[in-house]
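The primary structure of each chain is shown beneath.
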Amino acid sequence: MKQFTLFSLSLLLLLSACSEDSTVIKYDKSLQQLPCLRLVVFPPDKLITNKLMQLYTFDEKCNYELQVSKKSAIVCNSNQNADKKALSNFPSGYIRMDIYKNHKPIYSYYKDLTCKVSQDDIESAFKRLKSDLLEE
């Protein structure tokens, strides 16, 4: 029974590590459409900034701030993740887009990646955000 439980738990961890889904949190459920966004990319990244500027016209005076961050080449040295790293595409990076108003979070998008952030990753993340909160 112990081996079955251990196998089931390992399989569950393996499947969750392979997920391609993003995590989206909408903190204010009543908020439907935002009139504008101000862009902040930290740390500064030309690929992200240029791609987002192609996709949307940002307003420096807007009260809604889109904070974008990414991380690549993440290495986890924990022994607890050895099975996931060996048996799956263990994430080595992420892309994150958060919207704040007056320093309070109102929306968050997060996705684990198995490679460097690409233009396609940026575009799909922003398309999701746009469909959730921006006027067409």
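Residues numbered from 1 in each chain as written. Predicted model: local features only at pLDDT ≥ 70, side-chain atom pairs only at ≥ 80, totals over all residues. Heavy atoms only, no water.

(A) Focus on the nonpolar core. Core analysis: the biggest nonpolar cluster contains 28 residues, and Leu37, Leu66, Met97, Ile99 and Phe126 have the highest contact counts within it. Listing elements by their share of this core, those giving two or more residues are β2 (38-41), α2 (46-55), β3 (64-71), β4 (93-101), β5 (104-113) and α4 (119-133). Here the element with the most residues in this core is α4; it accounts for 5 residues. What Leu37 contacts, discounting residues up to four positions off in sequence, is Tyr56, Phe58, Asp59, Cys62, Tyr64, Leu66, Ile99, Phe126, Leu129 and Leu134. (Core = buried A, V, L, I, M, F, W, Y, C linked by side-chain atoms within 4.5 Å. Buried < 20%, exposed > 50% of the residue type's maximum accessible area, 1.4 Å probe, protein only. Helix = DSSP H or I, 4+ residues; strand = E, 2+ residues; numbered from the N terminus. Contact = heavy atoms within 4.5 Å.)

(B) Local environment of unusual backbone geometry. The step from Phe42 to Pro43 runs through a cis peptide bond, and the omega angle for that step is -5°. Summarising the element assignment, Pro43 is placed in the loop between β2 and α2. Even without being a glycine, Asn102 presents a positive backbone phi close to 55°. Its place among the elements puts Asn102 in the loop between β4 and β5. Judged by relative accessible area, Asn102 falls into the exposed class, the value being 57%. Residues other than glycine seldom take positive phi values, yet His103 does so here, at roughly 65°. Note that His103 resides in the loop between β4 and β5.

(C) How the structure looks around the state of the cysteines. Inspection of the entire model under this criterion finds 1 disulfide. Residue pairing for Cys36: its cysteine sulfur links by disulfide to Cys62, the two sulfurs lying 2.1 Å apart. Residues Cys36 and Cys62 are joined through a disulfide that is right-handed, its torsion about the S-S bond being 85°. With Cys36 in the loop between β1 (23-26) and β2 and Cys62 in the loop between α2 and β3, the pair connects residues that are 26 residues apart, well separated along the chain. The class for Cys62 is buried, based on a relative accessible area of 4%. (Disulfide = S-S within 2.5 Å.)

(D) Up close: α2. Here α2 has its buried residues at Ile48, Lys51 and Leu52. Looking down the long axis of α2, one finds its buried residues gathered within 95° of arc, a one-sided arrangement. Away from its buried face, by an angle of more than 90 degrees, α2 presents the exposed residues Lys46, Met53 and Gln54. N-capping of α2 is provided by Asp45, with a side-chain oxygen placed 3.1 Å from the backbone N of Leu47. (Arc of directions from axis to C-beta. Polar contact = N/O pair within 3.5 Å; in protein donor to acceptor, adjacent residues only side chain to side chain.)

(E) Region of the structure containing the pattern of salt bridges. Inspection of every chain in the model, using the stated rule, returns 6 salt bridges. Across the salt bridge formed by Asp45 and Lys70, the nearest N and O atoms sit 3.3 Å from each other. Of this pair, Asp45 sits in the loop between β2 and α2 while Lys70 is found in strand β3, placing the two residues 25 residues apart along the sequence. Since its relative accessible area comes to 15%, Asp45 is described here as buried. The salt bridge involving Lys51 is made with Glu123; its shortest N-O contact spans 3.4 Å. Within this pair, whereas Lys51 is found in helix α2, its partner Glu123 is found in helix α4, the two being separated by 72 residues in sequence. In this structure Glu123 comes out as partly exposed when scored by relative accessible area, which is 22%. (Salt bridge = Lys/Arg side-chain N within 4 Å of Asp/Glu carboxyl O.)

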